[in-house]
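Analysis of the macromolecular model
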Amino acid sequence: MTNVNYVSELLERSFTINNKEVIDKHQVSFEVEKQDVHQILSVLKTEGWIQLSYLSAIDWIDENEFELVYILMNWERPVHIQIRTRIERENATMNSIMPIFEGCKYYEREVHEFFGIKFPGNPDHEKQLILENWDDMPPMRKDFDPRAYSDAHFAKREYTTDFSNLNNEPSKQAKRNERKNRTLRFKGGKK
Amino acid sequence: MESTKFSPATRLTKEEIDRKWWEIGDYFRRSSLWMLMYCTGCCAIELPPAMTSAYDMERLGMGPMATPRQADVLLVTGYLSLKTLRRLIYTYEQMSEPKYVVGFGSCTINGGIYHDSHAVINQLDQYIPVDSYVAGCMPNTEAVMNGFIDLMGLIQTKKADGWKRYRDNNAWYKKNQIDSLGVVRVKDEFHD
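Just so it is clear, the model here is predicted, and its values are computed rather than measured. (Residues numbered from 1 in each chain as written. Chains lettered and ligands numbered in written order. Predicted model: local features only at pLDDT ≥ 70, side-chain atom pairs only at ≥ 80, totals over all residues.)

Remarks on helix 2 (residues 37-46) of chain A
All names here are of chain A. Our working rule: Counting other C-beta atoms within 10 Å of each residue's C-beta, where C-beta atoms are placed from the backbone, gives the exposure class: buried for 20 or more, exposed for 12 or fewer, partly exposed between. Starting at the N terminus, helices and strands are each numbered in turn, a helix being any DSSP run of H or I of at least four residues and a strand any DSSP run of E of at least two. The directions from the helix axis to the C-beta atoms form the arc being described.
Those residues of helix 2 that sit buried are Val37, Ile40, Leu41 and Leu44. Looking straight down helix 2, one finds that the buried residues subtend no more than 95° of arc, so they occupy a single side. Gly48 lies just past helix 2 and shows a positive phi near 120°.

Here's the deal with the interface of chain A and chain B
We apply this condition: By the convention adopted here, residues are in contact when the distance between their C-beta atoms, placed from the backbone, does not exceed 7 Å. Ten residue types, Ala, Val, Leu, Ile, Met, Phe, Trp, Tyr, Cys and Pro, are classed as nonpolar, four, Asp, Glu, Lys and Arg, as charged, and the remainder, Gly among them, as polar.
With 12 residues of chain A at the interface, the matching set in chain B holds 17 residues. By residue class, the composition of the side of chain A that touches chain B is 5 nonpolar, 3 polar and 4 charged.

Topic: the sheet that holds strand 2 (residues 63-64) of chain B
Residues and elements named next belong to chain B. Stated precisely, the cut-off is as follows: Strand pairing is assigned whenever DSSP detects at least two bridges linking the two strands. Throughout, an axis means a line fitted to C-alpha atoms (over the contacting stretch in the case of helices), and angles, computed between N-to-C directions, take values from 0 to 180 degrees.
What the 5 strands build is an open sheet, ordered 2-1-3-4-5; its pairing is parallel. With one partner strand each, in any of the chains shown, strand 2 and strand 5 (132-134) form the two edges of the open sheet. On the sheet, helix 5 (residues 141-156) packs against strand 4 (100-104) and strand 5 and is oriented at approximately 170° with respect to strand 5.

Let's talk about the environment of Glu58 of chain B
With respect to the helices and strands, the residue Glu58 of chain B is situated in the loop between helix 2 (47-51) and strand 2. Judged by the 11 C-beta atoms lying within 10 Å of it, Glu58 of chain B is exposed.

Regarding the packing of helix 1 (residues 14-31) of chain B against helix 5 of chain B
Residues and elements named next belong to chain B. What counts, and what does not: Our angle categories are set so that under 35 degrees counts as roughly parallel, over 145 as roughly antiparallel, 65 to 115 as roughly perpendicular, and the remainder as oblique.
Where helix 1 contacts helix 5, the axes come no closer than 9 Å and their chain directions differ by 175°. Taken together, helix 1 and helix 5 sit at an angle that is classed as roughly antiparallel. From helix 1, Asp26, Arg29 and Arg30 reach across to helix 5, where they touch Met152, Ile155 and Gln156. Grouping the amino acids of the contact of helix 1 with helix 5 by side-chain chemistry returns 2 nonpolar, 1 polar and 3 charged.

Some thoughts on the sheet that holds strand 3 (residues 51-60) of chain A
Residues and elements named next belong to chain A. Strand order in the open sheet formed by 5 strands is 1-2-5-4-3, with mixed pairing between adjacent strands. Each edge of the open sheet is held by one strand with a lone partner, namely strand 1 (17-24) and strand 3. Going across the sheet, the axis of each strand differs from the next one's by a mean of 20°, ignoring polarity. Where strand 1 lies against strand 2 (residues 27-32), 6 bridges are found, and the strand directions are antiparallel. Of the residues in strand 2, the one forming a bridge with Lys20 is Phe30. Helix-sheet contacts for helix 3 (residues 104-115) involve strand 3 and strand 4 (65-73), and the interaxial angle to strand 3 is about 15°.

Quick look at the nonpolar core
Note on soluble globular proteins: their nonpolar side chains tend to be buried together. Just so we agree on the cut-off: Residues enter a nonpolar core if they are buried, belong to Ala, Val, Leu, Ile, Met, Phe, Trp, Tyr or Cys, and are joined to the set through C-beta atoms within 7 Å.
Residues Val73, Leu74, Leu75, Val76 and Val102 of chain B are the most contacted members of the largest nonpolar core, which totals 43 residues. Contributions of two or more residues to this core are made by strand 1 (34-38), strand 3 (73-77), helix 3 (82-94), strand 4, helix 4 (105-110), strand 5 and helix 5 of chain B. When residues of this core are assigned to their parent elements, the largest contribution, 6 residues, is made by helix 5 of chain B. If sequence neighbours within four positions are ignored, Leu75 of chain B has contacts with Met35, Leu36, Met37, Tyr38, Val102 and Phe104 of chain B. If you look at the next biggest cluster of nonpolar residues, it comprises 30 residues, including Leu11, Ile81, Ile83 and Phe101 of chain A.

Comments concerning the pairing of strand 4 of chain A
All names here are of chain A. Of the two faces of strand 4, the one holding Phe66, Leu68, Tyr70 and Leu72 is buried and the one holding Glu65, Glu67, Val69, Ile71 and Met73 is not buried anywhere. When strand 3 meets strand 4, the two strands line up antiparallel, connected through 9 bridges. Each residue of the ladder has a partner; that of Ile58, found in strand 4, is Glu67. Adjacent in sequence and paired antiparallel, strand 3 and strand 4 are bridged by 4 residues, among which Asn64 carries a positive phi angle near 55°. The hairpin formed by strand 4 and strand 5 (residues 80-88) contains 6 residues between the paired strands.

Comments concerning the pairing of strand 1 of chain B
Pairing of strand 1 of chain B with strand 2 of chain B involves 2 bridges; the strand directions are parallel. By the bridge assignment, Met35 of chain B is partnered in strand 2 of chain B with Pro64 of chain B.

Looking at helix 7 (residues 170-181) of chain B
To keep things clear, this is the line we draw: To estimate the expected span of a helix, count its residues, drop one, and scale the result by 1.5 Å.
Across its 12 residues, helix 7 of chain B extends 16 Å between first and last C-alpha, which sits within 8% of the 16 Å expected from 1.5 Å per residue. After helix 7 of chain B finishes, the residue Gly182 of chain B shows a positive phi value of roughly 80°.

Laid out in structure tokens, this is it:
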């Protein structure tokens, strides 16, 4: 039995798995319900997935949801497991996993800083970690406009001459594509 | 009886004597530049070939220095996020005068590929004075060496006067720093 099959059977026996994706023989991803996450993580920890490698979030703005990704690693059975779960985007809250993996303290602070997800149970989750004195909405949300922020805060160099296209020559990109096509033609296309 | 061996020293004013001493000082300074490398970005990868036997910076009399207080040149290699800009400003203010700044890459000139980032500043010379720029993304090692030779020429012709500009227009620089950074000295839980 491969390690991926082992962990799939382990989780499918007692939890509802919405979606399973085997990425390769060392990586597997499970989409689970929000309320199951803590139990799944403690089961996996007792089974040997003792290292929380990463915790991050994805902003699915069209579906009005955040997706949290917990990545676990086992040093006996070398499989990275991604536990993915969807949470509401409005007033996003997820209970902290500090009782299970204490090292998640800093990951949760980072996620709170960049996505604005609250983690009750983590005493420090609202402290600043990377951004200093941030005064806008969390910057990794999809509705944050980095260009507008940059224009408002940082001085831009002004150029009196437009150097973008000299002497009405075709742009470099067009030239590059033309050269690439010519090379392909000489080679006789892809083999 | 007056000696005829030596022509009498002309009476020089204090300014003229000072200028002569500065010229002597500049000659020695440009022949032995100690640089402080603030390796913020990817352009720092051009420094190892410039420093080691491939291009051998030592033949220009340049060498690395560990502390800002003993360094003459500050190399800002690449993009500066708000957080590193705060540290760069402390470092620059710790250096003893005269001090020179070389900006590497297009990021220090106009933001480069980070021109629309929420965390990276666009123009370094709004916050600290820059004497010489090395353009490119990233610059060739030849361009880097050329930039250092340019800086030596600027010191010789007294055009590398960024540290004077920083002293004279300090209010303007401070205002720009406050406008972009809010607070320059931030206390966090890991320091102070």
